[in-house]
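What the coordinates show
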Amino acid sequence: MRDYTELEKIRLAKLERLRAAGQEPYPTRAERSHTSAQALAEYAQHPPADTHTAAGAYTVAGRIKAIRVMGKSAFVHLEDGAGRLQLYFRTNDLGEERYRLFQDVFDLGDFVQASGGLFTTKTGEVTLWVKDFRMLAKAISPLPAAKEEIVDGQKRVYSAFDNPEARYRERYADLAVNAEVREIFRARARICSALRKFLDGQGFLEVETPILQPLYGGAAARPFVTHHNQLHQDLYLRISFELYLKRLLVGGLERVYEIGRDFRNEGVSFKHNPEFTQLEFYWAYADYEQVMRLTENMIAFVADEVLGTRTLTYQGQTLNLNPGWPRVPLAEGIAEFAGVDIHAHPTAAGLLRAMEAKGIHADPKSTRGKLVEKLLGDFVEPHLIQPTFIVDYPRDISPLAKARPGDDSVVERFEGYMAGFELCNAFTELNDPLDQEQRFIEMGRDYAADSEDTHPLDEDYLRAMRYGMPPNGGFGMGVDRLTMLLTDKATIREVILFPHLRSREE
RNA sequence: GGGCCGUUAGCUCAAUGGCAGAGCAGGUGCCUUUUAAGCACUUGGUUGGGGGUUCGAGUCCCUCACGGCUCACCA
């Protein structure tokens, strides 16, 4: 038996008192004729002649958010999924005994059902004049209490439940108490719907590919490992969808996408959660130029659908999401912001010397591609506030992308940036099985040089490609990051319902 | 993994090394159109855990746990 707090013991006693009075604290069924918003809308459309007398018949259900008792009457705020509605309880209407029952055993956080007509109070709030009420679910533990006040139309919250750790660990309490948190996840759902609507409209097919994979690939990340008992087989949780989605192009599905979970066994930060939601699509006969245009249109479409505008404020910065993002070759961006001409330094050693000359220090074992990435991340990325495509990446950090015709050292790849961080990554996909095999082998060498684990070589993927893969453009985007941007949240944990936290001993 | 900061009542926060407090929530009263309702009284603490210094530790030191920020890592 667990230890209840003093506050919980008081509520347990109230629960017993409710039972003693013949009311079930957790009845099986509830009734509801109107949501709070429906009731208010109906009243507004057909206001009674005398607004101070209860009119109509409404039954509402929801959670008690505020109680103001004044002797023999009480005002209560009820919150449901649509909003809130004030309830008015009065001894005259309910009788001494029922009124006392309400006053004595109904608490903040309880789910209740109430019926009556609507009227307008002296202070102008449309309110349900309660003729009947009952408990729907008694709350034993008090929700983190917050108080709200409306000052000049602005909501002010006092003693808000805002300790991040507590909010993430008890997200249910966070959601119950902080209405704006519920809005984040409504927006998130609309973002996913808008992405699907856009891609479906472009003739893409939504598919599902394995999360448990015998080999992992498609990105540079350490995987989570798990085990199938009966098959005596170790399996990896996928780090990307790429290699499976491209197998589908081999199979003749020309436009496919997947929205789902990726798992990366790496550091946690304001923009990294160990599991995160990714959108990837692959588009046969398209190249990265077409994918760029589709990307701009997709982001603008989502902004229209979710925000109703293409201008948004992110952490105090105004972002313009209209299509027509600048295309900045990676080498130009680095030249501008880091003052290093990477074209002039085709070898890792040469580039490293050029960087050292600028006072930029890097791991001397880095490949040239790694050095270029460091320059991009440290010097260019922070400047990319407005939506920008950085294009044309070094071949050795892009093993699944196709080389640029006429320049083997550069691949047709772009990354979309805004607000100073990477949003998406895409390329003209490599579809030459012999080149792909060579790249995999090169990557293995690079990993060895970096003293990382050797990346597994996916033979089955090469077999698929040998059957013939149409030329195609592919795309990947972090849906969590897009949600951060559109909801103006500074950390990924705010847009994931249950972000990963270290376990805590009870 | 490193650095810095933090953890005090259900929630939000105070407290020169010297009696652990406030507001809200809770309880008991008063109050039949309130809205952070109001008024009076009042309960509530292993100050994250453990160890140390000290006559005396929420406060200083060590250590562990968890979190925040940041750096590193993240083709």
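Residues numbered from 1 in each chain as written. Chains lettered and ligands numbered in written order. Predicted model: local features only at pLDDT ≥ 70, side-chain atom pairs only at ≥ 80, totals over all residues. Heavy atoms only, no water.

Topic: the sheet that holds strand β9 (residues 212-213)
Sheet architecture is open: three strands sit in the order β9-β11-β10, paired in antiparallel fashion. Sheet topology places β9 and β10 (225-228) at the edges, where each strand pairs with a single neighbour. Bridge count for β9 against strand β11 (residues 233-237) is two bridges, and the pairing is antiparallel. Residue Gln213 lies in a different strand from β11, and its bridge partner there is Tyr236. (Pairing = 2+ DSSP bridges. Helix = DSSP H or I, 4+ residues; strand = E, 2+ residues; numbered from the N terminus.)

Observations concerning the protein's contact with RNA strand B
Around RNA strand B sit 57 residues, and of these Asn92, Thr123, Lys147, Glu165 and Glu373 come closest. Per the 4 Å cut-off to the protein, sugar and phosphate atoms form 58% of the nearby atoms of RNA strand B. Separating a phosphate oxygen of RNA strand B from a side-chain N or O atom of Lys14 is a distance of 2.5 Å. If one sorts the elements of the surface near RNA strand B by residue count, helix α1 (residues 6-20) sits on top with four residues. (Near = heavy atom within 4 Å. Polar contact = N/O pair within 3.5 Å; in protein donor to acceptor, adjacent residues only side chain to side chain.)

Description of the packing of aromatic side chains
For any pair of aromatic rings, the description rests on two quantities: the centre-to-centre distance and the angle between the ring planes. By the definition in use, this model includes 18 aromatic pairs. Judged by centre distance (5.4 Å) and plane angle (40 degrees), the rings of Phe102 and Phe106 are tilted. Grouping residues by exposure puts Phe102 and Phe106 together as buried. By the ring-pair criterion, three or more aromatic residues cluster together here, those being Phe75, Tyr88, Phe119 and Trp129. One residue, Arg98, lies across the ring of Phe133, its end atom 4.6 Å from the ring centre. The ring of Tyr393 has Arg413 sitting right over it, with the charged end atom 4.5 Å from the ring centre. (Phe/Tyr/Trp six-rings, centres within 6.5 Å; stacked < 30°, edge-to-face > 60°. Buried < 20%, exposed > 50% of the residue type's maximum accessible area, 1.4 Å probe, protein only. Lys NZ or Arg CZ within 6 Å of the ring centre and 35° of its normal.)

Observations concerning the domain arrangement of chain A
According to the domain assignment, chain A contains domain 1 (6-142) and domain 2 (181-211 + 240-326 + 386-495). Put simply, the middle of domain 1 and the middle of domain 2, counted by C-alpha atoms, are 49 Å apart. (Domains from an automatic or database assignment.)

Examining the packing of helix α6 (residues 179-201) against helix α8 (residues 288-307)
Taken N-terminus to C-terminus, the directions of α6 and α8 make an angle of 135 degrees; their axes are 9 Å apart at the nearest point. With respect to each other, α6 and α8 are oriented oblique. For the crossing formed where α6 meets α8, the hand is right-handed. Along the contact surface, α6 presents Ala187, Arg190, Ile191, Ala194, Leu195, Lys197, Phe198 and Leu199, while α8 presents Leu294, Asn297, Met298, Phe301, Val302, Glu305 and Val306. For the contact of α6 with α8, the residue count by class is 11 nonpolar, one polar and three charged. (Axes fitted to C-alpha atoms, helices over the stretch in contact; angles between N-to-C directions. Parallel < 35°, antiparallel > 145°, perpendicular 65-115°, else oblique. Left-handed = near helix turned anticlockwise from the far one by under 90°. Contact = heavy atoms within 4.5 Å. Nonpolar A, V, L, I, M, F, W, Y, C, P; charged D, E, K, R; others polar.)

A short note on the layout of surface pockets
The space that makes up the second largest pocket amounts to roughly 620 Å³. What lines the second largest pocket is a set of 25 residues, among which Lys65, Ala66, Ala146, Lys147 and Glu148 lie closest to the centre. The leading source of residues in the lining of the second largest pocket is strand β1 (residues 55-70), at five residues. Classifying every residue of the lining of the second largest pocket by side-chain character gives 13 nonpolar, three polar and nine charged. (1 Å grid on protein atoms, 1.4 Å probe; cavity = no way out; pocket = protein on both sides within 12 Å on 5 of 7 lines; lining within 4 Å. Points joined across faces, edges and corners; volume = space filled by probe spheres on them.)

Looking at the side chain of Asp174
Tracing the backbone through its elements, the reader meets Asp174 in helix α5 (residues 171-177). Judged by relative accessible area, which is 0%, Asp174 ranks as buried. Reaching out from Asp174, the side chain makes a polar contact with the side chain of Arg167 at a distance of 2.9 Å. Excluding residues within four positions of it along the chain, Asp174 makes contact with Phe161, Arg167 and Val181.

Quick look at the side chain of Asp110
Residue placement: Asp110 occurs in the loop between α3 (91-105) and β4 (111-120). Here Asp110 falls in the buried class, since its relative accessible area comes to 0%. Only 2.9 Å separates the side chain of Asp110 from the backbone nitrogen of Ala139, close enough to count as a polar contact. Residues within four places of Asp110 in sequence aside, it is in contact with Arg11, Gly62, Arg63, Ile64, Val105, Met135, Ala137, Lys138 and Ala139.

Looking at a nonpolar patch on the surface
There is a patch of nonpolar side chains on the surface, built from Tyr172, Leu497 and Phe498 and spanning about 350 Å² of accessible area. Structurally, Phe498 is set in the segment after α14 (479-487). When its relative accessible area of 56% is taken as the criterion, Phe498 is described as exposed. (Patch = residues over 30% accessible without salt bridge, like charges linked within 9 Å, V, L, I, M, F, W, Y side chains within 5 Å. Areas by Shrake-Rupley, 256 points an atom, 1.4 Å probe, with all protein chains shown as cover. Salt bridge = Lys/Arg side-chain N within 4 Å of Asp/Glu carboxyl O.)

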